[in-house]
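Next come the chains, spelled out residue by residue.
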Amino acid sequence: MEPLILANEMVKMRNFVLADVAPVFELASAREIAENTFVPHPYSREAAQEFVDRAREQWSADEAYVFAIVDRASDAFAGTMGIHPEGEHNSATVGYWIGKPFWGRGIATAALRLLIRFGFEQLELNRIEAGHLDQNTASGRVMQKANMRCEGRRRGSQFHRGKYKDAIWYAIIREDYCQSQKSLGGSEKI
Ligand SMILES: CC(C)(COP(=O)(O)OP(=O)(O)OC[C@H]1O[C@@H](n2cnc3c(N)ncnc32)[C@H](O)[C@@H]1OP(=O)(O)O)[C@@H](O)C(=O)NCCC(=O)NCCS
């Protein structure tokens, strides 16, 4: 797919560029990112470079669409969110992290709403899913606010930092999305 920008009043989501390596390194190095993701810790500049290179390659090969999230208030790189299609069932999985200095401003919610719209309207998916570690209630709240429904607990499914943990799984299907577009007006639409 050609490069593209998704935007609303809160965030701009764009393709990764090489200049993103430095802010990815800085923000992804925080212990608070590792606590709830599989981002390596300690993080290295090489890992940041590999992450950006991989995002660019996956985009070009239509394997996954991993966006850089820019905070529109400061025009700074704030985090990343990606959608990974899986062909057979026309579904996709979403993953994300937001840099700690940008937490609590609605950035993850705004980005997930944009990504869901992209998934249904541009990728024409039937289902979009995401999971979070049981302990990560903030991420569950982001998923709820993007109109995803909780489908349950996948017990012991995540081997995270040396321990088996439960994941809480969420999804939104095309039917839910179309329904929400009909029932919500103007700016509330996801
Ligand atoms: C989880 C994360 C993505 C949230 O990003 P964010 O931009 O701060 O989220 P938002 O501002 O959109 O907040 C969404 C909701 O979560 C709530 N929330 C945010 N941080 C929270 C926290 N630490 N504890 C409880 N709720 C929290 C917000 O209050 C908001 O709900 P509300 O509107 O009902 O008050 C971010 O903290 C993060 O990247 N954490 C580390 C990596 C990670 O967990 N990635 C996701 C893996 S599944």
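Residues numbered from 1 in each chain as written. Predicted model: local features only at pLDDT ≥ 70, side-chain atom pairs only at ≥ 80, totals over all residues.

Draft legend 1. Structural detail: the overall build of the protein chain. Tallying secondary structure elements over the protein chain gives 6 helices and 8 strands in all. When the helices and strands of the protein chain are placed in sequence order, the string is β-β-α-α-α-β-β-β-α-β-α-β-β-α. Taken over the C-alpha trace, the protein chain has a radius of gyration of 16 Å; the compact-globule value for 190 residues is 16 Å, and the two agree within 12%. On the principal axes, the C-alpha backbone points of the protein chain span a range of 45 × 40 × 35 Å. Counting only contacts in the protein chain whose residues sit at least 6 apart along the sequence, the fraction spanning at least 24 positions is 57%. (Helix = DSSP H or I, 4+ residues; strand = E, 2+ residues; numbered from the N terminus. Rg over C-alpha atoms; globule rule 2.2 N^0.38 Å. Contact = placed C-beta atoms within 7 Å.)

Draft legend 2. The arrangement of the nonpolar core in detail. Counting residues in each nonpolar core, the largest one holds 47 residues, and the members touching the most others are Ile-69, Met-81, Val-94, Ile-107, Ala-111 and Leu-112. In terms of residue count, the dominant contributor to this core is helix α4 (residues 107–122) (9 residues). (Core = buried A, V, L, I, M, F, W, Y, C linked by C-beta atoms within 7 Å. Buried ≥ 20, exposed ≤ 12 C-beta atoms within 10 Å, placed from the backbone.)

Draft legend 3. Seen up close, the packing of helix α1 (residues 21–28) against helix α3 (residues 45–60). Between α1 and α3, the shortest axis-to-axis distance is 8 Å and the interhelical angle comes to 120 degrees. In terms of their interaxial angle, α1 and α3 are classed as oblique. The handedness of the crossing between α1 and α3 comes out as right-handed. Residues Val-21, Val-24, Phe-25 and Ala-28 of α1 pack against Arg-45, Ala-48, Gln-49, Phe-51 and Val-52 of α3. Looking at the contact of α1 with α3 residue by residue, the classes come out as 7 nonpolar, 1 polar and 1 charged. (Axes fitted to C-alpha atoms, helices over the stretch in contact; angles between N-to-C directions. Parallel < 35°, antiparallel > 145°, perpendicular 65-115°, else oblique. Left-handed = near helix turned anticlockwise from the far one by under 90°. Nonpolar A, V, L, I, M, F, W, Y, C, P; charged D, E, K, R; others polar.)

Draft legend 4. The arrangement of the site of the ligand in detail. Contacts to the ligand come from 22 residues, most closely from Asn-36, Ala-108, Thr-109, Ala-138 and Arg-141. Contributions of two or more residues to the shell around the ligand are made by α2 (31–34), β5 (91–98), α4 and α5 (137–145). Element by element, the count of residues in the shell around the ligand is highest for α5, at 6 residues. When grouped by side-chain class, the residues that make up the shell around the ligand number 9 nonpolar, 9 polar and 4 charged. (Near = placed C-beta within 6 Å.)

Draft legend 5. View of the pairing of strand β4 (residues 76–86). Note that strand β3 (residues 65–71) and β4 share 7 bridges and pair antiparallel. Looking at the pairing, Phe-67 lines up with Met-81 of β4. Following β3, the chain reverses through 4 residues before pairing antiparallel with β4; Asp-75 in that reversal takes a positive phi of roughly 65 degrees. In terms of strand pairing, β4 meets β5 through 8 bridges, oriented antiparallel. Looking at β5, one finds that Pro-85 is bridged to Ala-92. Taken together, β4 and the strand that follows it, β5, pair antiparallel across an intervening segment of 4 residues, in which Asn-90 is found at a positive phi of about 55 degrees. (Pairing = 2+ DSSP bridges.)

Draft legend 6. Just the sheet that holds strand β1 (residues 6–7), in detail. The mixed open sheet is built from 8 strands, whose spatial order is β1-β2-β3-β4-β5-β6-β8-β7. At either margin of the open sheet sits one strand with a lone partner, and together these are β1 and β7 (149–160).

Draft legend 7. Examining the environment of Asp-176 more closely. Within the secondary structure, Asp-176 is located in helix α6 (residues 174–183). Put simply, Asp-176 and Arg-149 are 27 residues apart on the chain and 9.3 Å apart in space, counted from C-alpha to C-alpha. Those residues in contact with Asp-176 that lie beyond four places of it in its chain are Asn-147 and Arg-149.

Draft legend 8. Summary view of α5. Buried within α5 are the following residues: Ser-139, Val-142 and Met-143. Down the axis of α5, the buried set is contained in an arc of 95 degrees. They therefore lie on one face. The inward-facing, buried residues of α5 contact α4, β6 (127–133) and β8 (163–173). Count one or two residues on from α5 and you reach Asn-147, which has phi positive near 75 degrees. (Arc of directions from axis to C-beta.)

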